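Structural features, examined
For reference, the chains in residue letters:
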There are 2 protein chains.
Amino acid sequence: MSDSGLPLKGERGGMDKLEQVYQYIDSNQTKFVEELCTLIAQPSVSARDEGVNDCAHLLESMLSGMGFRVATFPTHGHPAIVAEMDGPKDSPTVLIYGHYDVQPPEPLEMWKSPPFTPTIREGRIYGRGAGDNKGQFYAQIAAISSITAVSGGLPVNVKVLLEGDEEQGSPYLADFLREHREQLKADLAYTSDAPIHSSGRPLVIFGVRGLLCIDLNLRGPNRDLHSGNYGGPVPNPAWGLVHLLASMKDAEGNVLVEGFYDDVVPPTLAEREVLKRIPFDPQEVQKSFEISRFEGPEHLSYYEKLMFRPTLNICGLSSGYSGGGVKTILPSTALAKLDIRLVVNQDPDRVFECVKRHLLSLCPDLEVKKIAGVLPSKTAIDHRYAQCAVDAVARVWGEPPVVFPTLGGTLPDYVFTRILGVPSILVPYANPEENNHSPNENISLDCFNKGIKVCATFLYNFASTGK
Amino acid sequence: MSDSGLPLKGERGGMDKLEQVYQYIDSNQTKFVEELCTLIAQPSVSARDEGVNDCAHLLESMLSGMGFRVATFPTHGHPAIVAEMDGPKDSPTVLIYGHYDVQPPEPLEMWKSPPFTPTIREGRIYGRGAGDNKGQFYAQIAAISSITAVSGGLPVNVKVLLEGDEEQGSPYLADFLREHREQLKADLAYTSDAPIHSSGRPLVIFGVRGLLCIDLNLRGPNRDLHSGNYGGPVPNPAWGLVHLLASMKDAEGNVLVEGFYDDVVPPTLAEREVLKRIPFDPQEVQKSFEISRFEGPEHLSYYEKLMFRPTLNICGLSSGYSGGGVKTILPSTALAKLDIRLVVNQDPDRVFECVKRHLLSLCPDLEVKKIAGVLPSKTAIDHRYAQCAVDAVARVWGEPPVVFPTLGGTLPDYVFTRILGVPSILVPYANPEENNHSPNENISLDCFNKGIKVCATFLYNFASTGK
């Protein structure tokens, strides 16, 4: 591989193959945007099974039309799609992963255009899934289709795996990989999800935090009661839940559950060095979210908290009446939804047992339900395939990427590193203000275009490293 | 007044006037039930201004048709209705109070028949407002109409005052009484609301707890954020709210807000005696609500907690996503709705200042909003009018009523005792399982019938005490 990561210099009278692919990508931008909009317009909300199977059918026919060998597999959730296209014999194999399910779009009233009516405004495509993850995995497909259009074939073997339950914590993906280990055999896993760095610089990521989701349900009286006629002697489950939650975390953000931090591995020296090089402007971040301070222990940096420290997050809280005016009831139930981001070497099952033991020791009546669990994952930042991705990003963006040892968010990356046993590299394509999981989710046209080019470049770089 | 409270013995060949009125009430039961159903079928949800003005119009025409002089007054909320009918010159005047607005009917899926489609099942009328308060104030009107039908006139002067904002904490009633003090002048205020005693015995009440409603709103980031990409360093307002709430009350139910209990007056010796005579079966109460314990300090009895101790109740709690499945967000806001039941001599404004000071000292960014405030109220249990009500209930029910020095719930009773300066007596008519403020609200046909008779009896008893 040359220093620039450019493998095929000099063909066609001085213009290399990759430059031709870039030209093809630019002149077909409108077509790629239209195809992405078709995908976004198909709702696929896995949380409530809205349109997910229809979205799988749509993808199956799109991919077949592009010349992939496509197989769709039923799972206990939504279908897994595997699309394959071969490169030269003895070339390495990349497994590209994406997910076609999306987050619920609520609150609807906050969207400037409807979530499933993709709309282009000020250089961005708006719609649920535009960035997370339809716009990003579709960029990979567009790259593959551009290379085959220009070169008549691929420089490496490509397997594309698309799942439909990622926003539910990918509960069926691990089993699917265990059952299809042979078919999915590869040398490297490559995923594009999440936004690039908030500074606007591109990003390459070598691991993810895991996830554990828990629902807590505390029952009080068997129906909502008049808070005057019964308030005082009859216990209120909202108060019970408040006291239970307060027992789990102190005001400084330290989790008080015994055993919670037991398996946490601190950053290596190399990772500490990388952490220091991540650009960070605290004022800018606070201004953009309109917050006046950060959470958690003062002695940890922003990125250490985000990458090497587990969270205990309340993502939902609900009891009684929360509309306008006054409804004076003593509620019959109180519900909290928790999500816990795990770091290497925490295990969702072990952490769940710690949380459950803590809560049930205080309140044996509490219903504690595990909703999802995903292991954390890590690939060494000096792996030999690492440079293929870093160089591809640098060439397309014209500047070196920021390197994240860990993503704050969760992807089922462990299925590649722990089940398939291959390294896994994450190259986000979406713009920082992607608003993933929020209203007005979007991907910028520029980021979408660069994403297609990064994937194409990466495939050529990967080919040049050999098996 | 005779020992039995019966003033008109011996007319019409041995049958007294009151027996004739009872006969009239029994033979017109179907008509009274139909008229009440017409009232229930008209929604009047003051919390969201649904149908309340239409309900006022309906009442105005009903009352005019019965021979009342009716005046409807605009307020800053919904109209106040005053209906008057004169008795003999120099007879005393009773001011009967009721409210025609109702609680929101949610959760709708818990109703066995729709809340605004009154339905008779197993001897009860089901519908929002059946007990609280349409069925109860309508019993008073039916009593008046029965007496005039039988006797051609009333034994006392009657003024009926109906308001449309009681479920909002009666924010406009005090001003209305101050402005119409002359027109509403009376010797006694008489109110029927709330259920009879849970033992099934009738009830007479001499005071109420007050009410203070407060909304807390804590803002975090300016939009919901991905809990993975930002969880850890970015503060979560749901956690902030949990810690603030936990600082307000301990797990034993003691409020920790400085000054909260300052003005609380303990029960008098006479009230302690009355408290002891209230029937109470802890097993029965726990079984009926499917709860395993009571809340609050062990050394206080159930009724002392309910009548002489203020509460701090969470009636609503809301943050983030509380639907099915997983939505891993760091919510942008967290909301709590509190209702505080006050006892004599607490003042809602003073208590609000204590709560606000406590919360803002911990979290200056918190939004603390007073939504409603009603003073507590008390009438001496040995007032000379007390026996009129106690005897009327005893005669109709065939057993002496339970006497409550204070109702756990709130009615704007202070406007009578403190603004008009008259004693005020409360005689609940609804059955114990009325489900006021809950799904499947109802009034039993028997309780409705007895309520009409109690009111008729009371009016004759009251006449016999003179001015």
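Residues numbered from 1 in each chain as written. Chains lettered and ligands numbered in written order. Predicted model: local features only at pLDDT ≥ 70, side-chain atom pairs only at ≥ 80, totals over all residues. Heavy atoms only, no water.

**Description of the overall build of chain A**
The number of helices and strands found in chain A is 14 helices and 19 strands. Relative to its length of 467 residues, chain A is compact, with a C-alpha radius of gyration of 24 Å against a globular reference of 23 Å. By its C-alpha atoms, chain A is 90 × 45 × 45 Å across when sized along the principal axes. Taking all 467 residues of chain A together, 63% fall into the buried category. Of all intrachain contacts in chain A linking residues separated by at least 6 positions in sequence, the fraction that spans at least 24 positions is 79%. Per element, the accessible surface of chain A, about 16700 Å² overall, is 49% carbon and sulfur. Distance between charge centres in chain A, computed from 43 positive and 57 negative side chains, equals 1 Å. (Helix = DSSP H or I, 4+ residues; strand = E, 2+ residues; numbered from the N terminus. Rg over C-alpha atoms; globule rule 2.2 N^0.38 Å. Buried < 20%, exposed > 50% of the residue type's maximum accessible area, 1.4 Å probe, protein only. Contact = heavy atoms within 4.5 Å. Areas by Shrake-Rupley, 256 points an atom, 1.4 Å probe, with all protein chains shown as cover. Lys, Arg positive; Asp, Glu negative; His and termini not counted. Charge placed at Lys NZ, Arg CZ, Asp CG, Glu CD.)

**A word on helix 4 (residues 134–151) of chain B**
Residue and element names in this part refer to chain B. A rise of 1.5 Å per residue sets the reference length of helix 4, with its 18 residues, at 26 Å; its end C-alpha atoms lie 26 Å apart and thus fit the reference within 8%. Most of helix 4 sits out of view: 14 of its 18 residues are buried. Positive phi shows up at G152, right after helix 4, with a value of about 80°. (Expected span 1.5 Å × (residues − 1).)

**Section: the packing of aromatic side chains**
Describing an aromatic ring pair means giving the distance of the ring centres and the angle of the ring planes. All names here are of chain B. Across all of its chains, the model carries 26 aromatic pairs over all chains by this definition. With centroids separated by 5.3 Å and ring planes inclined at 55°, the aromatic side chains of Y303 and F404 adopt a geometry described as tilted. Of this pair, Y303 sits in helix 10 (residues 302–308) while F404 is found in strand 17 (residues 402–404), placing the two residues 101 residues apart along the sequence. Just above the ring of Y126 sits the side chain of R121; from NZ or CZ to the centre is 4.0 Å. (Phe/Tyr/Trp six-rings, centres within 6.5 Å; stacked < 30°, edge-to-face > 60°. Lys NZ or Arg CZ within 6 Å of the ring centre and 35° of its normal.)

**A closer look at helix 12 (residues 386–397) of chain A**
Residues and elements named next belong to chain A. Helix length check: helix 12, at 12 residues, gives a terminal C-alpha distance of 17 Å against a target of 16 Å (1.5 Å per residue), a fit within 8%. For helix 12, every residue scored as buried is listed here: A386, C388, A389, V390, D391, A392, V393, V396 and W397. On its buried face, helix 12 sits against helix 1 (17–27), strand 8 (203–205), strand 18 (424–426) and helix 14 (445–465). At the C-terminal side of helix 12, G398 shows a positive phi close to 75°.

**Considerations on the interface of chain B and chain A**
Each partner contributes to the interface: chain B provides 85 residues, whereas chain A provides 85 residues. Between chain B and chain A, roughly 7400 Å² of surface is buried when both sides are summed, and carbon and sulfur atoms account for 56% of that area. Our count for the contact surface shared by chain B and chain A stands at zero salt bridges. For the pair chain B and chain A, the number of links is 49 residue pairs in polar contact (both at pLDDT 80 or more). Per element, the largest residue contribution to the side of chain B that touches chain A is eight residues, and it comes from strand 12 (residues 313–320) of chain B. When grouped by side-chain class, the residues that make up the side of chain B that touches chain A number 38 nonpolar, 31 polar and 16 charged. With five bridges connecting them, strand 12 (residues 313–320) of chain A and strand 12 of chain B associate as antiparallel partners. Its bridge partner being in strand 12 of chain B, S319 of chain A is matched across the sheet by L317 of chain B. (Buried area = accessible area lost by both parts, 1.4 Å probe. Salt bridge = Lys/Arg side-chain N within 4 Å of Asp/Glu carboxyl O. Polar contact = N/O pair within 3.5 Å; in protein donor to acceptor, adjacent residues only side chain to side chain. Nonpolar A, V, L, I, M, F, W, Y, C, P; charged D, E, K, R; others polar. Pairing = 2+ DSSP bridges.)

**What about the relation of the copies chain B and chain A?**
Note that the two copies of the chain are related through a rotation about an axis and a translation along the same axis. By a simple turn and slide, chain B fits onto chain A: the slide is 0.0 Å along the axis, the RMSD is 0.0 Å, and the turn is 180°. Taken together, the rotation and translation relating the two chain copies correspond to the operation of a two-fold axis. For chain B, the residue whose C-alpha comes nearest the rotation axis is S318 of chain B, separated from it by 2.3 Å. A shared binding surface is used by both copies, with 100% of the interface residues of chain B retained as interface residues in chain A. (Least-squares fit on C-alpha atoms with pLDDT ≥ 70 in both.)

**Brief notes about the sheet that holds strand 4 (residues 119–121) of chain B**
The strands making up a sheet are joined through hydrogen bonds of the backbone, oriented either antiparallel or parallel. All names here are of chain B. Spatial ordering of the open sheet is given by 4-5-19, a layout of three strands whose pairing is antiparallel. Sheet topology places strand 4 and strand 19 (442–444) at the edges, where each strand pairs with a single neighbour. Across this sheet, the average inter-strand angle for adjacent strands is 25°, counted without regard to direction. In the sheet, strand 5 (residues 124–126) pairs with strand 19 via three bridges, with the strands oriented antiparallel. Bridge pairing in strand 19 links R124 to S444. Each of strand 4, strand 5 and strand 19 touches helix 2 (residues 29–41); the most contacted strand, strand 5, lies at about 20° to it. (Axes fitted to C-alpha atoms, helices over the stretch in contact; angles between N-to-C directions.)

**A few points about unusual backbone geometry**
Trans is the common state for peptide bonds, and a negative phi is the common state for residues other than glycine. All names here are of chain A. A cis amide bond links E106 to the next residue, P107, at an omega of 0°. Within the element layout of this structure, P107 appears in the loop between strand 3 (93–99) and strand 4 (119–121). A cis amide bond links D132 to the next residue, N133, at an omega of 15°. Summarising the element assignment, N133 is placed in the loop between strand 5 (124–126) and helix 4 (134–151).

**Structural notes on the packing of helix 12 (residues 386–397) of chain B against helix 14 (residues 445–465) of chain B**
All names here are of chain B. In the contact formed by helix 12 and helix 14, the axes pass within 8 Å of each other and the chain directions differ by 135°. Relative to helix 14, the element helix 12 is oriented oblique. Viewed along their axes, helix 12 and helix 14 form a crossing whose handedness is right-handed. Mapping the contact onto sequence places C388, A389, D391, A392, V393, R395, V396 and W397 in helix 12 and C447, K450, K453, V454, T457, F458, N461, F462 and T465 in helix 14. Tallied by class, the residues present in the contact of helix 12 with helix 14 amount to 10 nonpolar, three polar and four charged. (Parallel < 35°, antiparallel > 145°, perpendicular 65-115°, else oblique. Left-handed = near helix turned anticlockwise from the far one by under 90°.)

**Things to note about the packing of helix 2 of chain B against helix 14 of chain B**
Residue and element names in this part refer to chain B. Interaxial distance between helix 2 and helix 14 falls to 11 Å at its minimum, and their mutual angle equals 105°. Considered as vectors, helix 2 and helix 14 are oriented roughly perpendicular to each other. Contact residues: helix 2 offers Q29, F32, V33 and L36, while helix 14 offers L445, F448, N449 and I452. Taken together, the residues that form the contact of helix 2 with helix 14 break down as six nonpolar, two polar and no charged.

**What about the sheet that holds strand 14 (residues 333–342) of chain B?**
Here eight strands make up an open sheet; going across it, the order is 15(A)-10(A)-14(A)-12(A)-12(B)-14(B)-10(B)-15(B) and the pairing antiparallel. In this open sheet, the two edge strands, each paired with only one partner strand, are strand 15 (367–374) of chain A together with strand 15 (367–374) of chain B. Within this sheet the neighbouring strands show an average axis-to-axis angle of 15°, counted without direction. Along the sheet, helix 7 (residues 237–246) of chain A makes contact with strand 10 (210–219), strand 12 and strand 14 (333–342) of chain A together with strand 12 of chain B, crossing strand 14 of chain A at roughly 20°. Against the sheet, helix 11 (residues 348–362) of chain B engages strand 10 (210–219), strand 14 and strand 15 of chain B, with an angle of about 165° to strand 15 of chain B.

**Quick look at the environment of P400 of chain A**
Residue and element names in this part refer to chain A. Here P400 lies in the loop between helix 12 and strand 17 (402–404). Spatially, the C-alpha atoms of P400 and E290 are 30 Å apart, while their sequence positions differ by 110 residues. Apart from the residues within four sequence positions on either side, P400 is in contact with R201, P202 and A394.

**Considering the state of the cysteines**
Residues and elements named next belong to chain A. Scanning all chains against the criterion turns up zero disulfides over all chains. Of all cysteine sulfurs in the structure, the one in C213 sits closest to C315, which takes part in no disulfide; the separation is 6.1 Å. On the basis of relative accessibility, which here comes to 3%, the residue C315 falls in the buried class. C354 takes part in no disulfide bond, and the closest cysteine sulfur to it belongs to C213, at a distance of 17 Å. (Disulfide = S-S within 2.5 Å.)

**Here we look at the confidence of the model for chain A**
Low pLDDT marks stretches whose predicted atomic positions should not be read closely. Residue and element names in this part refer to chain A. For chain A, the average pLDDT comes to 93, and 97% of its residues sit at 70 or higher. Segment residues 1–14 is flagged for pLDDT under 50; beyond a separation of four residues in sequence, or across chains, it makes 24 contacts in the model. This complex was scored by the predictor with a pTM of 0.78 and an ipTM of 0.78. (pLDDT = per-residue confidence, 0-100.)

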